[in-house]
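# Remarks on the overall topology
Residue-level listing of the chains:
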Amino acid sequence: MNSAKVTKTKQLVDSRKFEIQHEWVNPMSGNRINLIGNPNFIRFKKDSVNLFLPFFGERFAGGGYNGEGGIIYNGPLKDLEVNSDKKDAQIIKFSTNQETEDLNFTITVYPEGDVNTRVNSSHRSFISYQGKIGKLKEKE
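Residues numbered from 1 in each chain as written. Predicted model: local features only at pLDDT ≥ 70, side-chain atom pairs only at ≥ 80, totals over all residues. Heavy atoms only, no water.

### A word on unusual backbone geometry
- Positive phi is not limited to glycine here, since Asp79 has a value of about 55°.
- In this model, Glu99 sits at a positive phi of 55°, which is unusual for a non-glycine residue.
- Tracing the backbone through its elements, the reader meets Glu99 in the loop between strand S7 (90–98) and strand S8 (101–109). (Helix = DSSP H or I, 4+ residues; strand = E, 2+ residues; numbered from the N terminus.)

### Concerning the packing of aromatic side chains
- Applying the stated rule across the entire model yields 4 aromatic pairs.
- Look at Phe41 and Phe52: their rings are 6.5 Å apart centre to centre, the planes differ by 40°, and that puts the pair in the tilted class. Linking Phe41 in strand S3 (residues 41–45) with Phe52 in strand S4 (residues 48–53), this pair joins segments that are 11 residues apart in sequence.
- Taken together, a centroid distance of 5.5 Å and an interplanar angle of 90° make the contact between Phe44 and Phe94 edge-to-face. Separated by 50 residues along the polypeptide, Phe44 in strand S3 and Phe94 in strand S7 bring together distant segments of the chain.
- Accessibility expressed as a relative area gives 1% for Phe44, which makes it buried. (Phe/Tyr/Trp six-rings, centres within 6.5 Å; stacked < 30°, edge-to-face > 60°. Buried < 20%, exposed > 50% of the residue type's maximum accessible area, 1.4 Å probe, protein only.)

### A few points about the pattern of salt bridges
- The full count for this structure, using the stated rule, is 5 salt bridges.
- A salt bridge links Glu19 to Arg43; the nearest nitrogen and oxygen atoms lie 3.3 Å apart. Of the two residues, Glu19 sits in strand S1 (residues 17–27) while Arg43 sits in strand S3, which places them 24 residues apart along the sequence. Residue Glu19 shares its accessibility class with Arg43, and that shared class is buried.
- Linking Glu101 and Arg124 is a salt bridge whose minimum nitrogen-to-oxygen distance equals 2.8 Å. (Salt bridge = Lys/Arg side-chain N within 4 Å of Asp/Glu carboxyl O.)

### Some details on the pairing of S1
- As paired strands, S1 and S3 are joined by 4 bridges and run antiparallel to one another. In the sheet register, Lys17 faces S3, and the bridge partner there is Lys45.
- When S1 meets strand S10 (residues 127–135), the two strands line up antiparallel, connected through 9 bridges. Looking at the pairing, Glu19 lines up with Gly134 of S10. (Pairing = 2+ DSSP bridges.)

### Focus on the side chain of Ser128
- For Ser128, the position within the fold is in strand S10.
- Among the residues examined, Ser128 registers a relative accessible area of 11% and is labelled buried.

### Some details on the side chain of Glu19
- Its relative accessible area of 4% is what places Glu19 among the buried residues.
- Engagement of the side chain of Glu19 in a polar contact is seen with the side chain of Gln21, the distance being 2.9 Å.
- Within the local environment of Glu19, its side chain forms a polar contact with the side chain of Arg43, the two groups lying 3.3 Å apart.
- Discounting residues that sit within four places of it in the chain, Glu19 has contacts with Phe41, Ile42, Arg43, Lys132, Ile133, Gly134, Lys135, Leu136 and Lys137. (Polar contact = N/O pair within 3.5 Å; in protein donor to acceptor, adjacent residues only side chain to side chain. Contact = heavy atoms within 4.5 Å.)

### Some thoughts on the environment of His123
- Among the secondary structure elements, His123 is positioned in the loop between strand S9 (114–121) and S10.
- The spatial distance from the C-alpha of His123 to the C-alpha of Asn50 is 20 Å, given a sequence separation of 73 residues.
- At 3.3 Å, the side chain of His123 forms a polar contact with the side chain of Thr100.
- Side chain to side chain, His123 and Ser122 meet in a polar contact 2.8 Å long.

Right, dumping it as structure tokens:
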């Protein structure tokens, strides 16, 4: 294991200023989908999060055909928890809502920077994403 990379990853999570880009999405029904070239992000800025994740799966309630298809949120973090597991992975949990939909996120950041994001929704099927953590790119 690359100890410099492990330290950098831990510092990013501890700073609460980082960005996650996903390369794969794993819908509950169907095959993995490559997201390279598709915009997606989770940006942490201290006590808030801005996220856009494309959604491939089943919607059970709410929303309409005119509504936004992705998982989108920009606002304060609710119920934020950050813990480490036995293998030095950082586990970040928080919840948000998108209109009437409740969303629960569990993000596992592995020591060398790989990320697994799991999303449970009150209105949609379970979905997970795989990607990498990096520095927050400051926008002008």
